[in-house]
Amino acid sequence: MSAAGDMAEHELLSRLLIVRHGESVAMAEGIVGGPNGCRGLTERGRAQASALRDRFAAGREPAVDVVYTSPLPRARETTEIVLPALGNGSGCGELEVLTHAELEEMRLGPADGMTWEAARERFGFIQPMDQPYAPVVEGGESRAGFRHRVAQALNDIAAAHPGDTVFVGCHGGIASAAMAMAFGIPPSHRGVGVVTAVTSITELELLAFEGRRLWQVRRFNDAAHLAAVEAA
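Residues numbered from 1 in each chain as written. Predicted model: local features only at pLDDT ≥ 70, side-chain atom pairs only at ≥ 80, totals over all residues. Heavy atoms only, no water.

**Quick notes on the packing of helix H2 (residues 43-57) against helix H3 (residues 73-82)**
For any two helices packed against each other, the geometry is given by the interaxial angle and the distance between the axes. To keep things clear, this is the line we draw: Angles run from 0 to 180 degrees between N-to-C directions of axes, and those axes are lines fitted to C-alpha atoms, restricted for helices to the stretch in contact. Where helices and strands are cited, they refer to DSSP runs of H or I of at least four residues and of E of at least two residues respectively, numbered from the N terminus. Any angle that falls under 35 degrees is termed roughly parallel, while one over 145 is termed roughly antiparallel, one within 65 to 115 roughly perpendicular, and all others oblique. Left-handed is the label given to a crossing in which the near helix is rotated counterclockwise from the far helix by less than a right angle, and right-handed is the label when the rotation is clockwise. The contact rule is simple, with two residues in contact once any of their heavy atoms fall within 4.5 Å. Gly is placed with the polar residues, together with every amino acid not listed as nonpolar (Ala, Val, Leu, Ile, Met, Phe, Trp, Tyr, Cys and Pro) or charged (Asp, Glu, Lys and Arg).
Relative to each other, H2 and H3 sit at 40°, their axes nearing to 8 Å. Here H2 is positioned oblique relative to H3, judged by the angle of their axes. Here the hand of the crossing between H2 and H3 comes out right-handed. Each of Arg46, Ala49, Ser50, Leu52, Arg53 and Phe56 in H2 lies in contact with H3, whose residues at this interface are Glu77, Thr78, Ile81 and Val82. Among the residues making up the contact of H2 with H3, the classes are represented as five nonpolar, two polar and three charged.

**A short note on the packing of helix H5 (residues 143-160) against helix H6 (residues 172-183)**
It is at 9 Å that the axes of H5 and H6 come closest, and there the two elements cross at 80°. Considering the angle they form, H5 stands roughly perpendicular to H6. Every residue of H6 that contacts H5 at Phe146, Arg147, Val150, Ala151, Leu154 and Asn155 is listed here: Gly173, Ile174, Ala177, Ala178, Ala180 and Met181. Among the residues forming the contact of H5 with H6, the class breakdown is nine nonpolar, two polar and one charged.

**A few points about the confidence of the model for the protein**
What counts, and what does not: A score from 0 to 100, pLDDT tells how confident the predictor is in each residue.
Overall, the prediction assigns the protein a mean pLDDT of 90, with 90% of residues at 70 or greater. Segment residues 1-5 is flagged for pLDDT under 50; beyond a separation of four residues in sequence, or across chains, it makes seven contacts in the model.

**Topic: the nonpolar core**
For clarity, the threshold we go by: Here the nonpolar core consists of buried residues drawn from Ala, Val, Leu, Ile, Met, Phe, Trp, Tyr and Cys, with membership extended through side-chain atoms lying within 4.5 Å. Buried, partly exposed and exposed residues are distinguished by accessible area as a fraction of the type maximum, computed with a 1.4 Å probe on protein chains only: under 20%, between the cut-offs, and over 50%, respectively.
Ranked by internal contacts, the top residues of the largest apolar core, which has 24 residues, are Leu16, Ile18, Leu103, Leu154, Val166, Leu204 and Trp215. Those elements that place two or more of their residues in this core are strand E1 (11-20), strand E2 (66-69), H5, strand E4 (165-170), H6 and strand E5 (201-209). Grouped together as the second largest cluster of nonpolar side chains are 13 residues, Phe56, Val82, Ala85 and Phe167 included.

**Description of H2**
Under the convention used in this document: Any helix carries an expected span of 1.5 Å times its number of residues minus one. In this description, the arc belongs to the directions extending from the helix axis to the C-beta atoms.
With 15 residues, H2 ought to run about 21 Å at 1.5 Å a step, and its terminal C-alpha atoms sit 21 Å apart, in line with that. What H2 keeps buried is the set Gly45, Gln48, Ala49, Ala51, Leu52, Arg55 and Phe56. Viewed end-on, H2 has its buried residues packed into an arc of 150°, placing them on one side of the element. Exposed residues on H2 whose side chains face more than 90 degrees from its buried face are Glu43 and Ala57. Elements that come into contact with the buried residues of H2 comprise E1, H3, E4, E5, strand E6 (212-222) and helix H7 (226-231). After H2 finishes, the residue glycine 59 shows a positive phi value of roughly 80°.

Structure follows, in structure tokens:
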């Protein structure tokens, strides 16, 4: 990829603002939060999402043209709290929220809804760094399969909205997989794991340069707005 000074030569194809949800009930209670286990946000999670909404409302973020969310309640609730502050300033009211099934967090099959402690005791977990192509738990996804699903979803979203800035309400695992995609890191690589703060923003741009499509990471894990919440 070219140095920062050459960025003017790149054509911006799409911008993704990948936003992790706020603190969830599943997180607070130690539950595997798939479709069965996710019960939305805690009060603290809603305060965190509200702080992110205020950040967008202050005009310090790119104007959003399109809004997507994971189908899981914690991501949808976060997205809906931030939604009134999103938009391109057209005065046409709130944007439509588009649900994308493939933005769901890693699917852990029969462990969904159990406590993490009980799930580990009953199923054990394959260490994905050691066996990236094996399901993490029987009936669930592998790390490689999860990364492929996420990369395909993000590329499809970018292709469907050329020239737009897209808000993607989702999960920490999605942000991690997006970083691996942007840097071309294979699922067998051990140094991939990254941790994102709740309601943090990870910004990716899809660029065209000399006949190629390139993902550029503009920022990762930007959660500056949480300072006010943590101080409360």
